[in-house]
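Architecture at a glance
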Amino acid sequence: MSYGLFLAGTETSSNTIEWAMTELLLNPDIFSKVREEVSTTIGQDGKIHEAKILKLPYLHAVIKETMRLHLSVPLLVPHKTETEVKLGQYVVPKDTQVLVNAWSIARDPRYWDNPLKFNPERFLGNEIDYKGKHFEFIPFGSGRRICPGAPLAHRVVSLMVTSFVYHFEWKLPHDREEIDMNDIFGLTLLRATPLLATAIPFK
Ligand code: HEM
């Protein structure tokens, strides 16, 4: 049980952090906005408390946008119907294995303007959240089997990205355009090439 929790919680969280940093390094304007927000809110003492992290709307929009474009669990976890279910115009028979393609839904132009663009602004000024109520955005699933680790994951990812942005200057060893944006499909969807960047602590 604890090993299962460890597996479910580690790769998914670290992968999301890595994709968030990738998108920030690829989009310097967005990075600057996050840094501005983080520096103003955290202040000079460098203590990144949970209470302060809650006051970073732009950072949270960046994390949501990262989770929209780079879902760690693209097909969620397989589910099975216990009874026959009528879903819209479809009838799903009892004992059917159901895979939900949350990856595809999160890039569907019927629900998202310019879906392939990394645009955190789309999450500002609205209530769209990953708590399973907005079906166009379900990186943690929805309903009874929704990820129980979502609140923890949210805190860990926010804390790590805030710390990385607040404490370090980042340099890529190559041009931005050369960042490999491909992913590979294993147990979870991971970056095909690990992100390589140098972290230089602020003086
Ligand atoms: C960014 C990080 C994470 C993502 C994207 C993620 C995503 C998901 C998804 C999509 C599911 C399947 C939900 C469904 O099929 O409806 C799931 C299930 C699960 N997750 Fe997470 N997860 C993350 C972090 C964590 C953490 C930190 C933990 C625990 C410490 C955790 C524990 C679990 C467990 C135990 C399940 C199975 C729940 C069940 O079947 O009832 N996850 N997660």
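The notes below deal with the structure included here. (Residues numbered from 1 in each chain as written. Predicted model: local features only at pLDDT ≥ 70, side-chain atom pairs only at ≥ 80, totals over all residues. Heavy atoms only, no water.)

A word on the pattern of salt bridges
One pass over the structure, following the stated rule, counts 10 salt bridges. With a closest N to O distance of 3.0 Å, R122 and E65 form a salt bridge. Here the residue R122 occupies a position in the loop between α5 (102-105) and α6 (150-167), and E65 occupies one in helix α4 (residues 57-69), the gap between them amounting to 57 residues. Its relative accessible area of 14% is what places R122 among the buried residues. Overall, the relative accessible area of 0% leaves E65 in the buried class. (Salt bridge = Lys/Arg side-chain N within 4 Å of Asp/Glu carboxyl O. Helix = DSSP H or I, 4+ residues; strand = E, 2+ residues; numbered from the N terminus. Buried < 20%, exposed > 50% of the residue type's maximum accessible area, 1.4 Å probe, protein only.)

Things to note about a nonpolar patch on the surface
Judged by side-chain polarity, V85, L87 and Y90 come together as a nonpolar surface patch covering roughly 310 Å² of accessible area. The class of L87 is exposed, set by a relative accessible area of 54%. (Patch = residues over 30% accessible without salt bridge, like charges linked within 9 Å, V, L, I, M, F, W, Y side chains within 5 Å. Areas by Shrake-Rupley, 256 points an atom, 1.4 Å probe, with all protein chains shown as cover.)

A closer look at the packing of aromatic side chains
Inspection of the entire model under this criterion finds 7 aromatic pairs. Look at Y130 and F140: their rings are 5.1 Å apart centre to centre, the planes differ by 70°, and that puts the pair in the edge-to-face class. With Y130 in the loop between α5 and α6 and F140 in the loop between α5 and α6, this residue pair connects regions lying 10 residues apart in the sequence. Accessibility assignment for this pair places Y130 and F140 in one class, buried. Through a chain of ring-to-ring contacts, three or more aromatic side chains come together here, namely W112, F123, Y130, F137 and F140. Positioned above the aromatic ring of W19 is the side chain of R191, whose terminal nitrogen or guanidinium carbon lies 4.7 Å from the ring centre. (Phe/Tyr/Trp six-rings, centres within 6.5 Å; stacked < 30°, edge-to-face > 60°. Lys NZ or Arg CZ within 6 Å of the ring centre and 35° of its normal.)

Considering α4
For α4, with 13 residues, the first-to-last C-alpha span of 18 Å sits near the 18 Å given by 1.5 Å per residue. Counting buried positions along α4 yields 12 of 13 residues, so the element is predominantly enclosed. Residues of α4 that are buried: Y58, L59, H60, A61, V62, I63, K64, E65, T66, M67, R68 and L69. (Expected span 1.5 Å × (residues − 1).)

Regarding the environment of N27
By the secondary structure assignment, N27 is in the loop between α1 (2-26) and α2 (28-42). The exposure class assigned to N27 is partly exposed, which follows from its relative accessible area of 21%. Among the polar contacts made by the side chain of N27, one reaches the main-chain carbonyl oxygen of E23 at a distance of 2.8 Å. (Polar contact = N/O pair within 3.5 Å; in protein donor to acceptor, adjacent residues only side chain to side chain.)

Things to note about the site of the ligand
In the vicinity of the ligand there are 21 residues, among which V77, H79, P139, R145 and C147 approach most closely. With respect to the ligand, the backbone of V77 contributes an N or O atom lying 3.2 Å from an oxygen atom. Contacts to the ligand include R145, whose side-chain N or O atom sits 2.7 Å from an oxygen atom. Among the secondary structure elements, those contributing two or more residues to the shell around the ligand are α1 and α6. Examining the composition of the shell around the ligand, we find that 6 residues originate from one element, α1, more than from any other. (Near = heavy atom within 4 Å.)

Here we look at α6
One turn of an α-helix holds 3.6 residues; hence residues three or four places apart share an orientation. Here α6 spans 25 Å end to end across 18 residues, near enough to the 26 Å set by a 1.5 Å rise per residue. Of the residues making up α6, those classed as buried are A150, A153, H154, V157, S158, V161, T162, S163, V165 and Y166.

As for the coordination of the iron atom of the ligand
Looking at the iron atom of the ligand, one finds just one donor atom contributed by the protein, C147 (SG), at 2.3 Å. Note on placement: C147 falls in the loop between α5 and α6. (Donors = N, O, S within 2.8 Å, 3.2 Å for Na, K, Ca; no water.)

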